Structures are given as C-alpha cells and as structure tokens.
Amino acid sequence: MQSHRLLESKTIAPLWHSIKNLSSLLPQGSASYHYEQGIHIAGEIFDTPLDSTQLRMWQNLLQSNDEQILHRLHASGYLDSPFVIDSKPLCIIDLLSILSFRLKSWRKGAFILRGEQTKLHIDSEWQSFKKWDILAPFAKLNGAYIADVGCNNGFYMFAMYNRALQQAQTTSQSKPYAEIVGFDPSGLFFCQFQFINHLLNMPITYELLGVQDMPTYTKAQKNRFDIVFCLGVLYHRSDVFSTLKALALSLEKGGIVFLDTLIFDSNDIVKTAESTESCALDKLDIVLSIRKSYAKMSNVYFLPSVCALEGWLERCGFIDIEVLAIVPTTTQEQRATLWIDSMSLEHFLDPLDSTKTAEGYPAPKRAYIKARRK
C-alpha cells in the first residue's frame, strides 16, 4: 500500500538518495540506543575518519556551505567534532550532521548521537519526551500490535519499542516485544525516520499513509491493532467523527486508543475575565470553532471541552474513557531551535499576554485520553 511517489519530489528526492547511500558510510544497525528524555544513539563508529573511498562516494553529495553548517552547529553547542574544532579530516559524525541538518525541520525529538569523542544533538522543536513520559506509565506494550498515527519522524515509536522491551524483560514474556507500525504521509518525516533507523535497524514499519487509510490497511493486513496512539492529530482534522471512527475500525474489540489533543477549557475564559470562580461551562459539551487560525495554525478546526471530547469518543464506539492528564503547552516544551526553519510557540502567543494566542483564544492546553473500543 505504501507509495513512494512522495519521495520523488524535487525537495525530497536528494535527501532520500543520500539516506539510501548511508550504507556506504556505516552499516545498518551499527549503533545502540536508550531512552532518557530523548533517544540517545551510541556508536564508536561515529568517530571514524572517512577514508578516500568514502570521501569520493560522498563528494558529489556535499555542498559548498557544508563546512559552514558544521561550524554553525559547533558554535551553537549542537556538535562536538574534531573536524570542527581542529580542522581534522571529516569523520562519520560530520556527514551525519550535515545530512540531518538538511533534513530540517525536526519537529519531534530530541535525538542525541554520541561516539566516544563526538556528539551531535538534534534539538527538535518539541521536547517530545515530556508527552511520552505522561503516557508511558499507562501503556502496556509488550507483545502488542501497535499503531502510531501521525508518527512524524518516529520518535514515539522508538520510545515505544524501548518500553516494550523493558516490559518484556520484567515479565519474562516469550512473545515478540512489540510490532509497531507508523502512519504519516509526509515524505520529509519518512526520510528523518529512515535516517535514524538506519543507525538502529529497529523492526518498525513506516507507512506513507494517513489516518483515513487505516481501516483499509487493517482490512488488507487481515489484522487489527491492539493499541493505537493518535497524538497531536485530531485538531488538524476537519471531520473529527470520521477520524475517530477510522481509529475505532482499526482496533480490535477491547483495543486501546491513546489520544492527545488540544482542548477548550472554559475556565481559561473565566481567568481572562479576572474571576476566580469555577465556570459552569466546564461541565457542558461545548466546542470552540476556530474561525481562521489558532496559534497561527490554519489547519486547526475544533477545540472540544473534555466533556465534548468524551461524547465524541462515545459516539464513535469507545468506552471506559479516562482523562490521564490535562497540561498547558509551554515554551519550554515547544520552542524554536536551529533545527527548524520556522517560528514556534513563543511567536504564536499574544506578546502582551502569554495566556492567549495571537488571535485572542486561550493558549494551548492538551488533554491526554485513554479509551477502549467497545
């Protein structure tokens, strides 16, 4: 089902070509990793200087400003490399730095590549471990068939596999740790995933498909998922009921969905009115309909109250709905870094009142939900 036409576009094709040539630089799966407030990737091979054959093979992929990129990353504290410091010959970490920088923008992360003497910090816009650390305690993943919808560059899938491995070891389970499939139609994010997974060679599948394709996918596979993660997707969908029904149809009966979405908290309206009294609206099934944009995102359509979100889930075939957390999004969690080519949350809020978006709506707040398919 996976279409690679997205990888043939003018902007993506050179990146995809470079990633396919990574085997000439280092073997697939040549690094190890662990999760600790980010994906930490370790490999002594990162320190290795390039030989003449490797230099010739990569010469046509290098560009005139690549040395400037290395110096910029070093000056910003993102790269520790002998080449940048002492103008020594290029080593593997230098080419990985150049390629990963070309793969901007990095939305999810962080990823830290480390040799014995070298280090590269891909500092993504989102400190995604904050979200994962909220959800992980509620997720029993070992032995499960798992989908990550809107998987981006695969950060959460790497974290999921790490947790499934840990859970399998503590339970002495003989089944596979987990089978994980990511869904995202972005050619750029697919390339970022393939870049990282070349280093790790994790048994994770990435499909260039959207949430609307999931029922067709599971039907073709003759297998539905035990667990579906849908993180940061729902508010980007103009038809929320079709989206939630697609998730339900993709789950086994009794299967679990983990949902993270922006919500409308009516108490935030009360606060803007300088009142400390509880707002009666928080018990109503109300939805904030976005006129043009929300926090300068034109693809945000509806922000439901928690009650409304629970009602949506119930109408679409879910039961046992649990609110795991409600958390404001902060500029410590989402911020502009050298690894993105755009503005971030600090630019999307009212410069005179950070409790409001630039449009005057309440600032972003997220609900983390766990529900079971009926």
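Analysis parameters
Residues numbered from 1 in each chain as written. Predicted model: local features only at pLDDT ≥ 70, side-chain atom pairs only at ≥ 80, totals over all residues. Heavy atoms only, no water. Helix = DSSP H or I, 4+ residues; strand = E, 2+ residues; numbered from the N terminus. Rg over C-alpha atoms; globule rule 2.2 N^0.38 Å. Buried < 20%, exposed > 50% of the residue type's maximum accessible area, 1.4 Å probe, protein only. Contact = heavy atoms within 4.5 Å. Areas by Shrake-Rupley, 256 points an atom, 1.4 Å probe, with all protein chains shown as cover. Lys, Arg positive; Asp, Glu negative; His and termini not counted. Charge placed at Lys NZ, Arg CZ, Asp CG, Glu CD. Pairing = 2+ DSSP bridges. Axes fitted to C-alpha atoms, helices over the stretch in contact; angles between N-to-C directions. Right-handed = clockwise from strand over helix to strand, strands pointing away. Salt bridge = Lys/Arg side-chain N within 4 Å of Asp/Glu carboxyl O.

Trainee: Which parts of the structure should I look at to understand the overall build of the protein chain?
Mentor: Looking only at helices and strands, the protein chain features 13 helices and 16 strands. The C-alpha radius of gyration of the protein chain comes to 22 Å, within 12% of the 21 Å expected for a compact globule of 374 residues. For the C-alpha atoms alone, the extent of the protein chain along its principal axes is close to 70 × 55 × 40 Å. Of all 374 residues assigned to the protein chain, the portion counted as buried reaches 54%. Put simply, of all contacts in the protein chain between residues at least 6 apart along the chain, 74% involve residues at least 24 apart. Looking at the protein chain as shown, the accessible area adds up to about 17000 Å², and 49% of this sits on carbon and sulfur atoms. In the protein chain, 37 positive and 39 negative side-chain charges are present, and the distance between their average locations comes to 6 Å.

Trainee: Would you take a moment to explain the sheet that holds strand β1 (residues 32-35) for this structure?
Mentor: In a beta sheet, neighbouring strands pair by backbone hydrogen bonds and run either parallel or antiparallel. Spatially, the five strands line up as an open sheet ordered β1-β2-β4-β5-β3, and their pairing is mixed. The sheet is open, and its two borders are formed by β1 and β3 (79-80), each paired with just one other strand. Lying over the sheet, helix α5 (residues 92-102) contacts β3, β4 (111-114) and β5 (119-122), oriented at roughly 10° with respect to β5.

Trainee: Any chance you could explain the sheet that holds strand β10 (residues 251-262) here in plain terms?
Mentor: Within the open sheet, the seven strands sit side by side as β8-β7-β6-β9-β10-β16-β13. Their pairing is mixed. Edge positions in the open sheet fall to β8 (204-207) and β13 (318-328), since each of these has one partner strand only. Between one strand and the next, the sheet's axes are offset by a mean angle of 15°, whatever the strand orientation. Where strand β6 (residues 144-149) meets strand β9 (residues 225-231), four bridges bridge the pair, whose relative direction is parallel. In the strand pairing of β9, V149 is matched with C230.

Trainee: Teacher, can you tell me more about the pairing of strand β7 (residues 178-183) here?
Mentor: Working note: regular strand, side chains alternate between the two faces of the sheet. Among the six residues that make up β7, five are buried, leaving the element largely enclosed by the rest of the structure. Inspection of the sheet shows β7 paired to β8 by four bridges, in the parallel sense. Pairing of G182 across the sheet is with Y206, part of β8. Crossover handedness for the path β7 to helix α8 (residues 187-200) to β8: right-handed.

Trainee: What exactly am I supposed to notice about the pattern of salt bridges here?
Mentor: Pairing is possible between side chains that carry opposite charge, provided their charged atoms lie close to one another. Counted under the stated rule, the structure contains nine salt bridges. Here R107 makes a salt bridge to E125, at a shortest N to O gap of 2.6 Å. Linking R107 in the loop between α5 and β4 with E125 in the loop between β5 and α6 (129-135), this pair joins segments that are 18 residues apart in sequence. Residue E125 is classed as buried on the basis of its relative accessible area of 4%. We note a salt bridge from R366 to D260, for which the minimum N-O separation is 3.2 Å. Residue R366 is found in strand β16 (residues 365-373), and its partner D260 is found in strand β10; the two are separated by 106 residues along the sequence. Both residues of the pair, R366 and D260, belong to the buried class. One salt-bridge network, in which partners are shared between bridges, spans K131, D260 and R366.

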